[in-house]
Amino acid sequence: MNEELYAKIIDALVDDGYILLEEALPQELLSRLTHYATTSTNYKSAGISNAQNFHIDTTKRRDKTEWIDEDGSLFSQYLSFCEGLRVSLNRSLYLGLTYYEAHFARYEKGDFYEKHLDAFFGSKNRVVTTVLYLNEAWQEDNGGELLLYEEDTKVIERVVPKAGTLVVFLSDKFPHEVLPAKVRRHSIAGWFRVDRR
Ligand code: OGA
Ligand code: MN
């Protein structure tokens, strides 16, 4: 039943390298994810870089994150949506995606994430990024927009992080940043990868 949505995402990735979808997931799933995101007490300060180079730098990013556990039944519906997308992407685009990793992220008032790429060009790890927003009463003037850039300087999308909006983009193509949030902001960021877990 998600095949139509997967096809739409795949077409957009081929044509534009990214897509923005509103109300991509069933309301009932969004509500459950939002409830978890807003009540969990397991968030940790987010780091920069990979395992070897991992460090916390609050001048670059200030969000707190919680990795989604593979067998968390609470998240199985979301993870199976992503697993279906992974299989479709591989079937249509031969991306060879091996797995999906994701974390909840919480930005408190004033928190931001400065401009970055999720993967360096040609690096064999993160290939496709997803961000799903979980902010039910979000107002346009609450800040916290995701800015997507083309060629480092040109803003091509300004995404308001309201509940149900899903952004999918090629991880090594689009620098992006999160503007300072004026109120607490929740999302799930995830990555389809090509390496081994
Ligand atoms: C990230 C990221 C964007 C967002 O976690 O790498 O860029 O809008 N998140 O939360
Ligand atoms: Mn990112």
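Provided above is the structure to which this section pertains.
Residues numbered from 1 in each chain as written. Chains lettered and ligands numbered in written order. Predicted model: local features only at pLDDT ≥ 70, side-chain atom pairs only at ≥ 80, totals over all residues. Heavy atoms only, no water.

Novice: Which residues make up the sheet that holds strand β5 (residues 113-116), and what are the values?
Specialist: With respect to topology, four strands assemble into an open sheet ordered β5-β10-β7-β8, the strand pairing being antiparallel. The open sheet has two free edges, formed respectively by β5 and β8 (154-159), since each of these has just one partner strand. Across this sheet, the average inter-strand angle for adjacent strands is 15 degrees, counted without regard to direction. Sheet analysis places strand β7 (residues 146-150) next to strand β10 (residues 176-178), joined by three bridges and oriented antiparallel. (Pairing = 2+ DSSP bridges. Helix = DSSP H or I, 4+ residues; strand = E, 2+ residues; numbered from the N terminus. Axes fitted to C-alpha atoms, helices over the stretch in contact; angles between N-to-C directions.)

Novice: Can you lay out the site of ligand 1 for me, pointing to particular residues and giving the numbers?
Specialist: In the vicinity of ligand 1, 13 residues are found, and the nearest of them are His116, Asp118, Tyr133, His176 and Arg185. One of the side-chain N or O atoms of aspartate 118 is found 3.3 Å from an oxygen atom in ligand 1. One nitrogen or oxygen atom from the side chain of serine 187 is found 3.5 Å from an oxygen atom belonging to ligand 1. The fraction of the free accessible surface of ligand 1 (290 Å²) that becomes covered by protein chains is 98%. Looking at the shell around ligand 1, the elements that each hand over two or more residues are β5, β6 (126-133), β10 and β11 (185-193). Sorting elements by how many residues they give to the shell around ligand 1 places β11 first, with four residues. (Near = heavy atom within 4 Å. Polar contact = N/O pair within 3.5 Å; in protein donor to acceptor, adjacent residues only side chain to side chain. Areas by Shrake-Rupley, 256 points an atom, 1.4 Å probe, with all protein chains shown as cover.)

Novice: For helix α2 (residues 27-39), give the residues involved together with the corresponding values.
Specialist: Here α2 contains 13 residues, and its C-alpha end-to-end distance of 18 Å stays within 8% of the 18 Å for a straight helix at 1.5 Å per residue. Of all the positions in α2, only Leu29, Leu30, Leu33, Thr34, Tyr36 and Ala37 are classed as buried. Viewed end-on, α2 has its buried residues packed into an arc of 165 degrees, placing them on one side of the element. Exposed and oriented more than 90 degrees from the buried face of α2 are Gln27 and His35. For α2, the secondary structure elements touched by its buried residues are β3 (64-67), α3 (76-93), β4 (99-107), β6 and β11. (Expected span 1.5 Å × (residues − 1). Buried < 20%, exposed > 50% of the residue type's maximum accessible area, 1.4 Å probe, protein only. Arc of directions from axis to C-beta. Contact = heavy atoms within 4.5 Å.)

Novice: For the pattern of salt bridges, give the residues involved together with the corresponding values.
Specialist: For the coordinates displayed, the defined rule picks out 13 salt bridges. With a closest N to O distance of 3.5 Å, lysine 60 and aspartate 57 form a salt bridge. Looking at lysine 60, the relative accessible area reads 33%, which means it is partly exposed. Accessibility expressed as a relative area gives 17% for aspartate 57, which makes it buried. The closest approach of N and O atoms between lysine 154 and glutamate 150, which form a salt bridge, is 3.5 Å. (Salt bridge = Lys/Arg side-chain N within 4 Å of Asp/Glu carboxyl O.)

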